[in-house]
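In case you want the letters, here they are:
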Amino acid sequence: MFTPEFDLFMAVLLGVLAVVFFMGKGRGILDAFSGKYKDKRRDPVEERKYQTAVGVFLIILGVTELLMAFIQQPFMGIVCVVISIADLVFIMMYVRRH
């Protein structure tokens, strides 16, 4: 969609953020984007599940960015949008179920 360099930069950024969430250090980022749920406190087990779900979400988006960087075809934009929407649906279902 963009230049391959930008896609690689985004893949690295998403990978770093995923590692932060997998390490359990993403509470500040989650709190920054909590909105009206900012005052709600989650127990440590629930917090860990959220961070793992967000980490998986970011890994899938990072892999999608890598696909866009290395496969320079016109249809890749549509493929990446479909993967991103499926990833978003997955994380919403996971969060609501757990």
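Just so we're clear, the structure is a prediction, and the values are computed from it rather than from any experiment. (Residues numbered from 1 in each chain as written. Predicted model: local features only at pLDDT ≥ 70, side-chain atom pairs only at ≥ 80, totals over all residues. Heavy atoms only, no water.)

## A word on the overall build of the chain
So, point 1. Along the backbone of the chain there are 4 helices and 0 strands.
So, point 2. Going from the N terminus to the C terminus, the chain shows its helices and strands as α-α-α-α.
So, point 3. Its C-alpha atoms put the chain at 45 × 25 × 20 Å along the principal axes.
So, point 4. Counting across all 98 residues of the chain, residues that qualify as buried make up 28%.
So, point 5. For the chain, restricting intrachain contacts to residue pairs at least 6 apart in sequence, the fraction spanning at least 24 positions comes to 68%.
So, point 6. Carbon and sulfur atoms make up 73% of the accessible area of the chain, which totals about 6800 Å².
So, point 7. Positive and negative side-chain charges of the chain, numbering 11 and 9 respectively, have mean locations separated by a distance of 10 Å. (Helix = DSSP H or I, 4+ residues; strand = E, 2+ residues; numbered from the N terminus. Buried < 20%, exposed > 50% of the residue type's maximum accessible area, 1.4 Å probe, protein only. Contact = heavy atoms within 4.5 Å. Areas by Shrake-Rupley, 256 points an atom, 1.4 Å probe, with all protein chains shown as cover. Lys, Arg positive; Asp, Glu negative; His and termini not counted. Charge placed at Lys NZ, Arg CZ, Asp CG, Glu CD.)

## Quick word on the pattern of salt bridges
So, point 1. Within this structure, the stated rule accounts for 1 salt bridge.
So, point 2. Where Arg27 meets Glu47, a salt bridge forms, and the shortest distance between an N and an O atom there is 3.6 Å. One end of the pair, Arg27, is in helix 2 (residues 27-32); the other, Glu47, is in helix 3 (residues 44-70), and 20 residues separate them in sequence. (Salt bridge = Lys/Arg side-chain N within 4 Å of Asp/Glu carboxyl O.)

## What about the packing of helix 3 against helix 4 (residues 76-97)?
So, point 1. In the contact formed by helix 3 and helix 4, the axes pass within 10 Å of each other and the chain directions differ by 175°. When the axis of helix 3 is compared with that of helix 4, the two are roughly antiparallel. Across the interface between the two elements, Lys49, Tyr50, Ala53, Val54, Val56, Phe57, Ile60, Leu61, Thr64, Leu67 and Met68 of helix 3 pack against Met76, Cys80, Ile83, Ser84, Asp87, Leu88, Phe90, Ile91, Tyr94 and Val95 of helix 4.
So, point 2. The residue makeup of the contact of helix 3 with helix 4, split by class, is 17 nonpolar, 2 polar and 2 charged. (Axes fitted to C-alpha atoms, helices over the stretch in contact; angles between N-to-C directions. Parallel < 35°, antiparallel > 145°, perpendicular 65-115°, else oblique. Nonpolar A, V, L, I, M, F, W, Y, C, P; charged D, E, K, R; others polar.)

## Side note on a nonpolar patch on the surface
So, point 1. A grouping of Leu8, Phe22, Ile59, Val63, Leu66, Leu67, Phe70, Ile71, Phe75 and Val79 is seen on the molecular surface, where their side chains present a nonpolar patch of about 820 Å² in accessible area.
So, point 2. Looking at the nonpolar patch, the elements with two or more residues in it are helix 1 (4-22) and helix 3.
So, point 3. Among the elements that take part in the nonpolar patch, helix 3 stands out by supplying 5 residues, more than any other.
So, point 4. Examined against the element boundaries, Val63 turns out to sit in helix 3. (Patch = residues over 30% accessible without salt bridge, like charges linked within 9 Å, V, L, I, M, F, W, Y side chains within 5 Å.)

## Observations concerning the confidence of the model for the chain
So, point 1. Averaged over every residue, the pLDDT of the chain is 86; the share at 70 or more is 93%.
So, point 2. Per-residue pLDDT, averaged within each element of the chain, yields its smallest value for helix 2 (79) and its largest for helix 1 (93). (pLDDT = per-residue confidence, 0-100.)

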